[in-house]
Amino acid sequence: MDVEPLSFGRPSGPSFRTTVVTIACGDTRVYDDAEWRDALVIVEAGEVDLECEAGGRRRFRTGNVLWLTGLGLRALHSVGAEPVVLVAVSRRDPTPDPDPP
């Protein structure tokens, strides 16, 4: 879901896309590289465990900033007492100029 305001109270601007992903307490989201490509990801709320393809996990909490591309991840797990909210900020695809020179 695209949203205009970035969670820090500033708009993301026309060159960027902001996507908010919420994972309910105890739920798992299968990792899809295309979903996170070219995005800085802020843990807006909650705690998330990133599970790698080999099965190991690493926990991240509110305020952490992540890059999820190219890590060999399998899944994202919402752990803790509240849903995890991830805010991903990425560049918008450049729009072709309708009137090229």
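Calculation criteria
Residues numbered from 1 in each chain as written. Predicted model: local features only at pLDDT ≥ 70, side-chain atom pairs only at ≥ 80, totals over all residues. Heavy atoms only, no water. Helix = DSSP H or I, 4+ residues; strand = E, 2+ residues; numbered from the N terminus. Contact = heavy atoms within 4.5 Å. Polar contact = N/O pair within 3.5 Å; in protein donor to acceptor, adjacent residues only side chain to side chain. 1 Å grid on protein atoms, 1.4 Å probe; cavity = no way out; pocket = protein on both sides within 12 Å on 5 of 7 lines; lining within 4 Å. Points joined across faces, edges and corners; volume = space filled by probe spheres on them. Nonpolar A, V, L, I, M, F, W, Y, C, P; charged D, E, K, R; others polar. Patch = residues over 30% accessible without salt bridge, like charges linked within 9 Å, V, L, I, M, F, W, Y side chains within 5 Å. Areas by Shrake-Rupley, 256 points an atom, 1.4 Å probe, with all protein chains shown as cover. Salt bridge = Lys/Arg side-chain N within 4 Å of Asp/Glu carboxyl O. Core = buried A, V, L, I, M, F, W, Y, C linked by side-chain atoms within 4.5 Å. Buried < 20%, exposed > 50% of the residue type's maximum accessible area, 1.4 Å probe, protein only.

S.K.: Teacher, can you tell me more about the environment of Ala 39 here?
M.R.: With respect to the helices and strands, Ala 39 occurs in strand β3 (residues 39-45). In sequence terms Ala 39 and Ser 90 are 51 residues apart; their C-alpha atoms lie 4.3 Å from each other. When neighbours within four sequence positions are excluded, Ala 39 is seen to be in contact with Leu 66, Trp 67, Ala 88, Val 89 and Ser 90.

S.K.: What should I look at first to understand the side chain of Glu 51 in this one?
M.R.: For Glu 51, the position within the fold is in strand β4 (residues 47-52). A polar atom in the side chain of Glu 51 sits 2.6 Å from the side chain of His 77. Beyond its immediate chain neighbours, meaning those up to four positions away, Glu 51 contacts Gly 56, Arg 57, Leu 73, Arg 74, Ala 75 and His 77.

S.K.: How should I be thinking about the layout of surface pockets in this particular structure?
M.R.: Size it by volume and the largest pocket reaches roughly 180 Å³. If you go around the largest pocket, you meet 13 residues; those closest to its centre are Arg 17, Ala 34, Glu 35, Arg 37 and Ser 90. Those elements that provide at least two residues to the lining of the largest pocket are β1 (16-23), α1 (33-36) and β8 (84-91). Looking at side-chain class alone, the lining of the largest pocket contains five nonpolar, two polar and six charged residues.

S.K.: When you look at a nonpolar patch on the surface in this model, what are you seeing that I'm missing?
M.R.: On the surface, Leu 40, Val 65 and Trp 67 cluster together into a nonpolar patch covering about 310 Å² of accessible area. Following the sequence through the fold, Trp 67 ends up in strand β6 (residues 65-67).

S.K.: What exactly am I supposed to notice about the pattern of salt bridges here?
M.R.: It is possible for side chains of opposite charge to pair when their charged atoms get near one another. Enumeration according to the criterion identifies seven salt bridges in this entry. Glu 51 serves as the salt-bridge partner of Arg 74, at 2.9 Å between the closest nitrogen and oxygen. In this pair, Arg 74 sits in strand β7 (residues 73-79) while Glu 51 sits in strand β4, placing the two residues 23 residues apart along the sequence. Shared partners join several salt bridges into a network, and the residues in it are Asp 49, Arg 57 and Arg 59.

S.K.: Got a minute to help me understand the nonpolar core in this structure?
M.R.: Most often, soluble globular proteins have nonpolar side chains that are buried together. In this structure, Trp 36, Val 41, Val 48, Leu 50, Leu 68, Leu 76 and Leu 86 are the most contacted members of the largest nonpolar core, which totals 16 residues. Sorting the residues of this core by element identifies β1, β3, β4, β7 and β8 as the ones contributing at least two each. Non-local contacts of Leu 76, meaning those with residues more than four positions away in its chain, are made with Ile 23, Asp 27, Thr 28, Arg 29, Tyr 31, Trp 36, Val 48, Asp 49, Leu 50, Leu 68 and Leu 86.

Function-wise, these values are silent; they only describe arrangement.
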